[in-house]
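Structure assessment
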Amino acid sequence: MVGLLSVAAYLLCIAVSVLAGPRPIVLWHGLGDAYDSDGMQRITALIQEMHPGIFVHSVYLNSQSSEDSKQSLMGKVDDQIASVCEQLVSIPELEHGFDGLGFSQGGLFLRGFVERCNSPKVYKLLTFGSPQNGIADFPPCRARDFLCRRRNALLKSQAYSRYAQESFTVAQYYRNQDQYDEYLERSGFLADVNNERGIKNATYASNLSSLEELVLYLFTEDETVVPKESAWFAEVDEKTGVVTPLEERPMYIEDWLGLNVLGESDRLHFYVIEGRHMRITNETMIEIATKYLGSEVQSDIGESEKQHELQEQEKVVRMPNEQLPLIFATLRGQASA
């Protein structure tokens, strides 16, 4: 009987492994965009073309497209991330984890998900033009859009008010060096997920450093995320323009977020994409999908299960844990910080 159970368990393991397929993908769109926009559907289609059978989920804050777009502009980011934590854990296809792609502020928020939830587990996180170190100014207005200019000026002057920090997403990652003490005290989101306050959250560093890879893309002509170097966690002196790269900052040296662990183990990568904010060509997306996405699903079997799986008929058979090799790639136009 034990022999038959052993053979059955072995065949079931093989069957589960074969049926597992490529690791799922989760996308989080940017400011003013929607989960089902043409751009997000294009990216989904390209990934599925490169990796047939792959499951792709686009994060939404509201199932109605117009409301989802609106809530990317207005709302409390803490609540939004908590909602997404519940959303992702409820999706069966994501049970064994996923690779995440975050676009603009979506990359920052997806990092927040990793630090605060990480269930389902995130293996690889790729962010595109994301304000990882915040923004020093709000997205620019068109030349004759005086209403937009007036709104930005008002928002900038009131950015650290309680109302702004609970209502406008961009205010919650606004980081003014001239008001740094006020930022630390009143920031509703960024100061926390960047572990900038005196008391550090060890869980944030542990979760982020557990990534297989963290890949940060910067757009060379980005005028939406100011400064554009924020995409690489860099600090830019607004008066002199001097850039302090991540590796020279206390947050890396003292490892507030686990970035040092990632960097020292070659799991932290910096790349550039030529052009303006969120101008990602099909060719570039295909290259990225080929190099970084499509790994096999993996889940763990604990030692106790391994030792006793033949002793109990009810034992759940899980996929064997297969550590896939890290994928190192050189994209056209890459640059290291």
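Scroll up for the structure.
The following paragraphs examine the structure supplied in this document. Owing to the predicted nature of the structure, the values given are computational and were not obtained by experimental measurement. (Residues numbered from 1 in each chain as written. Predicted model: local features only at pLDDT ≥ 70, side-chain atom pairs only at ≥ 80, totals over all residues. Heavy atoms only, no water.)

Moving on, we come to the overall build of the protein chain. A tally of regular secondary structure across the protein chain gives 14 helices and 8 strands. By the burial criterion, 48% of the 337 residues in the protein chain qualify as buried. Accessible surface computed for the protein chain: about 16,200 Å², of which carbon and sulfur atoms make up 52%. (Helix = DSSP H or I, 4+ residues; strand = E, 2+ residues; numbered from the N terminus. Buried < 20%, exposed > 50% of the residue type's maximum accessible area, 1.4 Å probe, protein only. Areas by Shrake-Rupley, 256 points an atom, 1.4 Å probe, with all protein chains shown as cover.)

Okay, the pattern of salt bridges next. Inspection of the entire model under this criterion finds 14 salt bridges. Salt-bridge contacts for E212 lead to R23; the nearest nitrogen and oxygen are separated by 3.4 Å. Residue E212 is found in the loop between α10 (202–209) and β5 (213–219), and its partner R23 is found in the loop between α1 (2–20) and β1 (25–28); the two are separated by 189 residues along the sequence. Neither E212 nor R23 differs from the other in exposure class; each is buried. Residues K124 and E213 are paired through a salt bridge, measuring 3.8 Å at the closest nitrogen-oxygen approach. Within this pair, whereas K124 is found in strand β4 (residues 122–128), its partner E213 is found in strand β5, the two being separated by 89 residues in sequence. (Salt bridge = Lys/Arg side-chain N within 4 Å of Asp/Glu carboxyl O.)

Moving on to a nonpolar patch on the surface. A grouping of L31, L73, M74 and Y163 is seen on the molecular surface, where their side chains present a nonpolar patch of about 370 Å² in accessible area. Here M74 is to be found in the loop between α3 (65–73) and α4 (77–89). What makes M74 partly exposed here is its relative accessible area of 37%. (Patch = residues over 30% accessible without salt bridge, like charges linked within 9 Å, V, L, I, M, F, W, Y side chains within 5 Å.)

So, on to the packing of aromatic side chains. Tallying each qualifying case throughout the model produces 14 aromatic pairs. Centroid distance W232 to F270: 5.7 Å. Interplanar angle 75 degrees. Geometry classified as edge-to-face. Of this pair, W232 sits in the loop between β5 and β6 (235–236) while F270 sits in strand β8 (residues 268–273), placing them 38 residues apart in sequence. Judged by its relative accessible area of 10%, W232 is buried. F270 gets classed as buried once you look at its relative accessible area, which sits at 9%. Grouped by ring-pair contacts, the aromatic residues F103, F128, Y217, Y271 and Y292 constitute a single cluster. Directly above the ring of Y123 sits R23, whose terminal nitrogen or CZ lies 4.1 Å from the centroid. The aromatic ring of Y123 is capped on one face by K121, whose charged end is 5.3 Å from the ring centroid. (Phe/Tyr/Trp six-rings, centres within 6.5 Å; stacked < 30°, edge-to-face > 60°. Lys NZ or Arg CZ within 6 Å of the ring centre and 35° of its normal.)

Moving on to the state of the cysteines. With the rule as written, the count across this model stands at 2 disulfides. Between the sulfur atoms of C85 and its disulfide mate C117 the distance is 1.7 Å. Between C85 and C117 the sulfur-sulfur dihedral comes to about 70 degrees; the bridge is accordingly right-handed. Residue C85 is found in helix α4, and its partner C117 is found in the loop between α5 (105–116) and β4; the two are separated by 32 residues along the sequence. Residue C85 is classed as buried on the basis of its relative accessible area of 11%. Sulfur-sulfur distance for the disulfide between C141 and C148 comes to 1.9 Å. Looking along the S-S bond of the C141-C148 disulfide, the torsion reads about -75 degrees, which is the left-handed sense. (Disulfide = S-S within 2.5 Å.)

What follows covers empty space enclosed by the protein. Using the criterion set out here, one finds 3 cavities of 30 Å³ or more in the structure. In this structure, the largest cavity occupies an estimated 70 Å³ of space. Looking at the lining of the largest cavity residue by residue, the class counts come to 6 nonpolar, 3 polar and 3 charged. (1 Å grid on protein atoms, 1.4 Å probe; cavity = no way out; pocket = protein on both sides within 12 Å on 5 of 7 lines; lining within 4 Å. Points joined across faces, edges and corners; volume = space filled by probe spheres on them. Nonpolar A, V, L, I, M, F, W, Y, C, P; charged D, E, K, R; others polar.)

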